[in-house]
Amino acid sequence: MLLIRCPFCGERSEIEFRHGGEAHIPRPLKPASLSDAEWADYLYNRANPKGLHIERWRHVHGCGRFFNAVRDTVSDFFLTTYKLDDPRPDLGQLANGQRR
Amino acid sequence: MKYSLFSLLRQAASGHEHWPAQWRDPAPKAAYDVVIVGAGGHGLATAYYLAKEHGITNVAVLEKGWLGGGNTGRNTTIIRSNYLWDESAAIYDHALKLWEGLSQELNYNVMFSPRGVLMLAHTIHDIQVFKRHVHANRLNGVDNEWLTPEQCKAFCPPLNTARDIRYPVLGGALQRRGGVARHDAVAWGYARGADRLGVDIIQNCEVTAIRRDASGAVAAVETTRGEIRARKIGVVAAGHTSVIMAMAGLRMPLESFPLQALVSEPVKPVFPCVVMSNTIHAYISQSDKGELVIGGGTDVYTSYSQRGALHATAHTIEAICELFPMFRRMRMLRNWGGIVDVTPDRSPIIGKTPVAGLYVNCGWGTGGFKATPGSGHVFADTIANDRPHPINAPFSLERFRDGVLIDEAAAAAVAH
């Protein structure tokens, strides 16, 4: 079982959390001007990378709050977790400093 | 060599030491008419039907590991076609009809065993949904019948139908034509069949890039064994589809999750059918070797790790132990994970892509094995004629843009 660091509560076991999918997908600012293809891309298409993935998690059985995480989808190793309004981290820098 | 009683007797006379290899191990040629990426059941079936039904034999199937080593060798081998929507019923029943004659077709015993698939209802909602399935299936010519708890117990004696368990059995939907098959034999049978028709199956050959010409159409794949030119490329890469399609600059409506399964120690025949419980995620049958084959729901987060978390397996075991108390003291031999590519509507994507010459067959999620023959059959037709077969036309990539989803996610009432 994974240990996940909630930015508000600290390290807790994986079963306290719910995965929330890819992070940093902003809702379109002008919905009426989007084409069908752009809507489909927003609603359905996902990066689904093999490697570093920026994703949302929610501490459902804890503080209940959403936060973001960077995880390696090959090893399931968490590189960092951060609050929703923190800036998107630089993946290249994170990968270089990755503990193994 | 054709397998028959005669060939068996002849090989027996010489101590079974002269059976020929079932397929060649060719070096990749510089160019093929069609390259299939992924030598699982679906990819091998595609190559087989390309050669058999469309006369396209200059085909290579590229596999990064060994053939049938991905989800084909990792699933729980359940075969059924009782899906709700017309489009799904058409493709899964097309596959089921092919399963029924597959051993003869391939001259290879795939051990298809239509022993019946019983799907349990545990809530009022389950009952309503399953009865709706029964009626919808009948309208589509797919067999499915409603059983009372007593009838469920008669059909599957190990089942616990006590009313005081956490999720009591309130009834079930039974598809008698459903069942199981030997998963490895399916890959091996299609591999041997395709190989005999001239298809090159190239293992340990990972695709690293897709090259396109000035018009944007596909021209070649770069692999760990060199460049291979092809004007038509069919991607059948299951959990790694997003990775391969990104090489052609395409984003896919897919997320890859680990799905775990496990087997028990082998015992004498004790379990007569396949039982599924979508509500509490427990899927069980007994293999011909005697092992109980058990599957659960997917893990909760996307991953390519092919492992998954132990608590997900424990959850499945708890459900099995409650439904089948006689298995409480069985020991489990091993568990494993496979990476499944899940679409938003839980229906597959089979067809052309925005890139000329690039075709995709993916998104089978947690239940692709049952569709193997039908999927390969219609995908081969799509590649050969550069247009979708009528059966897979609704399963296009464009359905997400056009809003015509085939929503088996909602229909299955599974807590995905």
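Refer to the structure presented above.
The sections below set out a description of the structure shown in this document. (Residues numbered from 1 in each chain as written. Chains lettered and ligands numbered in written order. Predicted model: local features only at pLDDT ≥ 70, side-chain atom pairs only at ≥ 80, totals over all residues.)

Regarding the overall build of chain A
Test applied: Put simply, DSSP marks the helices as runs of H or I at least four residues long and the strands as runs of E at least two long, and each gets a number from the N terminus on. To assign burial, the other C-beta atoms lying within 10 Å of each residue's own C-beta are counted, with C-beta atoms placed from the backbone; 20 or more indicates buried, 12 or fewer indicates exposed, and intermediate counts indicate partly exposed. Each residue gets a C-beta atom placed from its backbone, and two residues are in contact if those atoms lie within 7 Å.
A tally of helices and strands in chain A yields two helices and six strands. Going from N to C terminus, chain A has its helices and strands arranged as β-β-β-α-β-β-β-α. The principal-axis extents of the C-alpha atoms in chain A amount to approximately 45 × 30 × 25 Å. Relative to its 100 residues, chain A shows a buried fraction of 14%. Partitioning the intrachain contacts of chain A with sequence separation of at least 6 by distance along the chain shows that 49% fall at a separation of at least 24.

Observations concerning the interface of chain B and chain A
By a frequent convention, interface size equals the accessible area lost on bringing the separate parts together. The condition is simple: Throughout, the ten residues Ala, Val, Leu, Ile, Met, Phe, Trp, Tyr, Cys and Pro are labelled nonpolar, Asp, Glu, Lys and Arg are labelled charged, and all others, Gly among them, are labelled polar.
Residue-level contacts link 21 residues of chain B with 19 residues of chain A. Every element with two or more residues in the side of chain B that touches chain A is listed here: helix H8 (241-246), strand S13 (255-264), helix H9 (310-323) and helix H11 (399-402) of chain B. Take the side of chain B that touches chain A: its biggest share by element is three residues, from H11(B). Partitioned by chemical class, the residues of the side of chain B that touches chain A number 11 nonpolar, six polar and four charged.

Section: the packing of helix H3 (residues 86-100) of chain B against helix H10 (residues 372-385) of chain B
Residues and elements named next belong to chain B. To be explicit about the condition: For helices, the fitted line uses only the C-alpha atoms of the stretch in contact; every axis is such a line through C-alpha atoms, and the angle between N-to-C directions lies from 0 to 180 degrees. Angles below 35 degrees are treated as roughly parallel, those above 145 as roughly antiparallel, those between 65 and 115 as roughly perpendicular, and all remaining angles as oblique.
Following both chains from N to C, one finds H3 and H10 inclined at 110 degrees, their axes separated by 7 Å at the closest point. The pairing of H3 with H10 is recorded here as roughly perpendicular in orientation. Within the contact between the two elements, H3 uses Ile91, Tyr92, His94, Ala95, Leu98 and Trp99 and H10 uses Thr372, Pro373, Gly374, Ser375 and His377. Along the lines of polarity and charge, the residues of the contact of H3 with H10 split into six nonpolar, five polar and no charged.

Quick word on the nonpolar core
Residues and elements named next belong to chain B. To keep things clear, this is the line we draw: Only buried Ala, Val, Leu, Ile, Met, Phe, Trp, Tyr and Cys residues enter a nonpolar core, and they are joined through C-beta atoms within 7 Å. Those domain boundaries reflect an automatic or database domain assignment.
One finds Val35, Leu44, Val59 and Val61 to be the most contacted residues of the largest nonpolar core, which totals 120 residues. Of all the elements, H3 adds the most residues to this core, at eight residues. Counting only domains with at least three residues in this core, you end up with domain 1 (23-77 + 183-253 + 345-412) and domain 2 (113-177 + 255-342). Among all residues touching leucine 44, those that are not within four sequence positions of it are Ala39, Val61, Leu67, Ala187, Tyr190, Ala191 and Ala194.

Notes on helix H2 (residues 41-54) of chain B
Residues and elements named next belong to chain B. Let me state the cut-off plainly: What a helix should span is 1.5 Å times the count of its residues minus one.
An ideal rise of 1.5 Å per residue puts 20 Å on 14 residues; H2 measures up with 19 Å between its terminal C-alpha atoms. Of all 14 residues in H2, 11 are buried, a share of seventy percent or more. Gly41, His42, Gly43, Leu44, Ala45, Thr46, Ala47, Tyr48, Tyr49, Leu50 and Ala51 are the residues of H2 that are buried. Of the surrounding secondary structure, the elements contacted by the buried residues of H2 are strand S1 (34-37), strand S2 (59-62), helix H7 (183-196), strand S12 (232-235), strand S19 (358-362) and H10. Immediately downstream of H2, the backbone of glycine 55 shows phi near 65 degrees, a positive value.

Quick look at the sheet that holds strand S5 (residues 66-72) of chain A
Two pairing modes exist for strands in a sheet, parallel and antiparallel, and in both the strands are linked by backbone hydrogen bonds. Residues and elements named next belong to chain A. Cut-off, in case you're wondering: Should DSSP find at least two bridges between two strands, the strands are regarded as paired.
Read across the open sheet, the four strands follow the order S3-S4-S5-S6; overall the sheet is antiparallel. Only two strands of the sheet have a single neighbouring strand rather than two, namely strand S3 (18-22) and strand S6 (78-82). Each neighbouring strand pair of the sheet contributes to a mean axis angle of 30 degrees, computed without reference to strand direction. The sheet contact formed by strand S4 (residues 52-58) and S5 spans seven bridges and is antiparallel. Considered in S5, the bridge of histidine 53 is made with arginine 71.

Some remarks on the pairing of S4(A)
Taken together, the three bridges between S3(A) and S4(A) define a ladder with antiparallel strand orientation. Pairing of His19(A) across the sheet is with Trp57(A), part of S4(A).

Overview of the packing of H2(B) against H7(B)
All names here are of chain B. For the record, the criterion: Crossing handedness follows the turn of the near helix against the far one: under a right angle anticlockwise gives a left-handed crossing, and clockwise gives a right-handed one.
It is the contact of H2 with H7, at a shortest axis distance of 8 Å, that shows an interaxial angle of 30 degrees. By the angle class used here, H2 and H7 are roughly parallel. Here H2 runs over H7; the crossing is left-handed. Every residue of H7 that contacts H2 at Gly41, Leu44, Ala45, Ala47, Tyr48 and Ala51 is listed here: Val186, Ala187, Tyr190, Ala191, Gly193 and Ala194. Split by residue class, the contact of H2 with H7 holds 10 nonpolar, two polar and no charged.

Brief notes about the environment of Gly21(A)
All names here are of chain A. Looking at the element boundaries, glycine 21 is found in strand S3. By C-beta crowding, glycine 21 is classed as exposed, having 12 other C-beta atoms within 10 Å. Along the chain, glycine 21 and histidine 53 lie 32 residues apart, while their C-alpha atoms are 9.7 Å from each other. Residue contacts for glycine 21: discarding those within four places in its chain leaves Glu55 and Arg56.

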